[in-house]
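Read off the chains here:
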Amino acid sequence: MLGTSSLASLPYLRSYKSRRASSYDTAGNNKDSWDIEPGQTSTIFESPSPGCVKHVWVTMWVDEPHFLRKIILRAYWDGEEHPSIEAPIGDFFGIGHGLMRNFVSAPLQMSPQEGRSFNCWWPMPFDSARISIENECEKKLMLYFYVDWEDCNAGILPANPEPYEQSADAGRMPALPARFHAQWRREGCTEGWLTERLNNDNIEEIWSRKPNLTDADNYLILEAEGDGIYVGCNLNVDCFQRQGNDWYGEGDDMIVIDGEPWPPRLHGTGTEDYFGTAFCPREVYHAPYHGLTVYSGNSDWPWKGKNSLYRYHIEDPIRFEKSIRVSIEHGHANKLSNDYSSTAYWYQLEPHKRFAPLLGVMERLPRHNEPEFP
């Protein structure tokens, strides 16, 4: 089994060669970083033969604000023209808003000092592969990296196999590992309909004013076509428009699989519920599969400013065979106007639906931390 890794499986000696691509100084000195000039794209890993990326580590330095939204990570599998991974580098590694924080999850981690060390443990099988970094900063990027991967025997992962093989014991079984995908999205100002302030006297009337029986106006986290599994996301909310207490977490998550009729089989009860927390959390917490990594509120406005959450479906991956649409309400029935961004992670058999064009660098920059909110 390609890429199997757990304490229980470690004694079983699989057939592969351990390899690494890194930024080490090949002259034997201590200049162990790559310089990537403004506007330049550098390939940090490339393999013409089958294998599986098991770990990616990066750290970087550029003397410029918001650089984590200006540096783009992309990955291409099996000679494809369009990327299967495309995201600002900070968002890919688990936190948006151009921020770094120490946190630990099972697949993604930001580590000391001050969250500047990024680690990814998502397994990424391939028949051939290329991973690149694009620098859209105005200044030179100094990049340190490791890509640790398993080099497998040629032919173990055919690029375009029959999607399934029949097994008398197990029924329809996938003939090969699906390919890893990650996509970043942003809606800088969601279109909320609430115009008056919420208070104890009107909140119940407002909640019942506009029932939401569709996902059409939700914030879209993922829309994919093909055969695969959804394995989670991080979500970043910047609350900048005050309408009462503005608790953003009354937004339900909705996951529509294979074009099923409404209501979907996976319909949640609130944002904090989907992300594994409860009762309007106001404290940082991180666990293997869920967490709240950024909290910026205060006693006057508990959810003002930047918030980041993650939920990874590692023990409970969500299966789709034709399509999947993952979305979440921005406030109850999409009543609030705030800044939403996200990175979705999934595996699927290629080909994948081509991603929408990535927003330009100015449209990716985080919102300023305003001292006063309207």
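Residues numbered from 1 in each chain as written. Predicted model: local features only at pLDDT ≥ 70, side-chain atom pairs only at ≥ 80, totals over all residues. Heavy atoms only, no water.

Peer 1: How would you explain the overall build of the protein if you had to name every residue and give the values?
Peer 2: In terms of helices and strands, the protein carries four helices and 25 strands. Burial analysis of the protein (374 residues in total) assigns 54% to the buried set. For the protein, long-range pairs separated by at least 24 residues make up 76% of all intrachain contacts whose partners lie at least 6 apart in sequence. A total accessible area of about 17,600 Å² is found for the protein, and carbon and sulfur atoms account for 52% of it. A gap of 3 Å separates the mean positions of the 35 positive and 54 negative side-chain charges of the protein. (Helix = DSSP H or I, 4+ residues; strand = E, 2+ residues; numbered from the N terminus. Buried < 20%, exposed > 50% of the residue type's maximum accessible area, 1.4 Å probe, protein only. Contact = heavy atoms within 4.5 Å. Areas by Shrake-Rupley, 256 points an atom, 1.4 Å probe, with all protein chains shown as cover. Lys, Arg positive; Asp, Glu negative; His and termini not counted. Charge placed at Lys NZ, Arg CZ, Asp CG, Glu CD.)

Peer 1: Can you explain the environment of Ser18? Please cite residues and give values.
Peer 2: In this structure, Ser18 sits in strand 1 (residues 17-22). The sequence separation of Ser18 and Asp151 amounts to 133 residues, and the corresponding C-alpha distance is 6.3 Å.

Peer 1: Just give me the short version of the side chain of Arg186, but keep the residues and values in it.
Peer 2: Tracing the backbone through its elements, the reader meets Arg186 in strand 15 (residues 179-187). Arg186 gets classed as buried once you look at its relative accessible area, which sits at 17%. Within the local environment of Arg186, its side chain forms a polar contact with the backbone oxygen of Leu365, the two atoms lying 2.7 Å apart. For Arg186, the contacting residues outside a window of four places in its chain are Arg69, Tyr219, Asp339, Tyr340, Ser341, Leu359, Glu363, Arg364, Leu365, Pro366 and Arg367. (Polar contact = N/O pair within 3.5 Å; in protein donor to acceptor, adjacent residues only side chain to side chain.)

Peer 1: Talk me through unusual backbone geometry; I want residue IDs and the actual numbers.
Peer 2: Along the chain, Pro112 connects to Gln113 via a cis peptide bond; the corresponding omega equals 10 degrees. With respect to the helices and strands, the residue Gln113 is situated in the loop between strand 8 (108-111) and strand 9 (117-120). Residue Pro263 is reached from Trp262 by a cis peptide bond, and omega for that bond is 0 degrees. In this structure, Pro263 sits in the loop between strand 18 (253-257) and strand 19 (266-267).

Peer 1: Give a detailed account of the pairing of strand 6 (residues 85-88), specifying residues and quantitative values.
Peer 2: Judged by which residues are buried, strand 6 turns out to be covered on both faces: Ile85 and Ala87 on one side and Glu86 and Pro88 on the other are all buried. In terms of strand pairing, strand 5 (residues 71-77) meets strand 6 through four bridges, oriented antiparallel. Bridge pairing in strand 6 links Ile72 to Pro88. By the bridge criterion, two bridges tie strand 6 to strand 15 in an arrangement that is parallel. (Pairing = 2+ DSSP bridges.)

Peer 1: Give me the packing of aromatic side chains: which residues, what numbers.
Peer 2: A ring pair, where both rings are aromatic, is described by two values, the distance of the centres and the angle of the planes. Following the criterion strictly, the structure yields 22 aromatic pairs and no others. Ring geometry for Phe92 and Phe93: centres 5.1 Å apart, planes at 85 degrees, overall edge-to-face. By relative accessible area, Phe92 is classed as buried at 1%. Here Phe93 falls in the buried class, since its relative accessible area comes to 1%. On the basis of an interplanar angle of 50 degrees and a centroid distance of 5.9 Å, the ring pair of Trp346 and Phe355 is categorised as tilted. For the residue pair Trp346 and Phe355, the accessibility class agrees, reading buried in each case. (Phe/Tyr/Trp six-rings, centres within 6.5 Å; stacked < 30°, edge-to-face > 60°.)

Peer 1: Describe the sheet that holds strand 18, with residues and values.
Peer 2: Spatially, the four strands line up as an open sheet ordered 16-24-18-19, and their pairing is antiparallel. Strands at the two margins of the open sheet, each flanked by one partner only, are strand 16 (219-225) and strand 19. For strand 18 and strand 24 (residues 323-328), the ladder comprises five bridges, and the chain directions are antiparallel. Residue pairing for strand 24: Ile257 is matched across the bridge by Ile324.

Peer 1: Explain the pattern of salt bridges residue by residue, including any values.
Peer 2: For the coordinates displayed, the defined rule picks out 23 salt bridges. For Lys54, the salt bridge identified is with Glu150, shortest N-O distance 3.3 Å. Of this pair, Lys54 sits in strand 4 (residues 51-61) while Glu150 sits in strand 12 (residues 141-151), and the two are 96 residues apart along the sequence. The network of salt bridges with shared partners includes Asp215, Glu223, Arg325 and Lys353. (Salt bridge = Lys/Arg side-chain N within 4 Å of Asp/Glu carboxyl O.)

Peer 1: Requested: an account of the confidence of the model for the protein, with residues and values cited.
Peer 2: With 90% of its residues at a pLDDT of at least 70, the protein reaches an overall mean of 91. The low-confidence segment residues 154-171 (pLDDT under 50) makes 37 contacts with residues lying over four places distant or belonging to another chain. (pLDDT = per-residue confidence, 0-100.)

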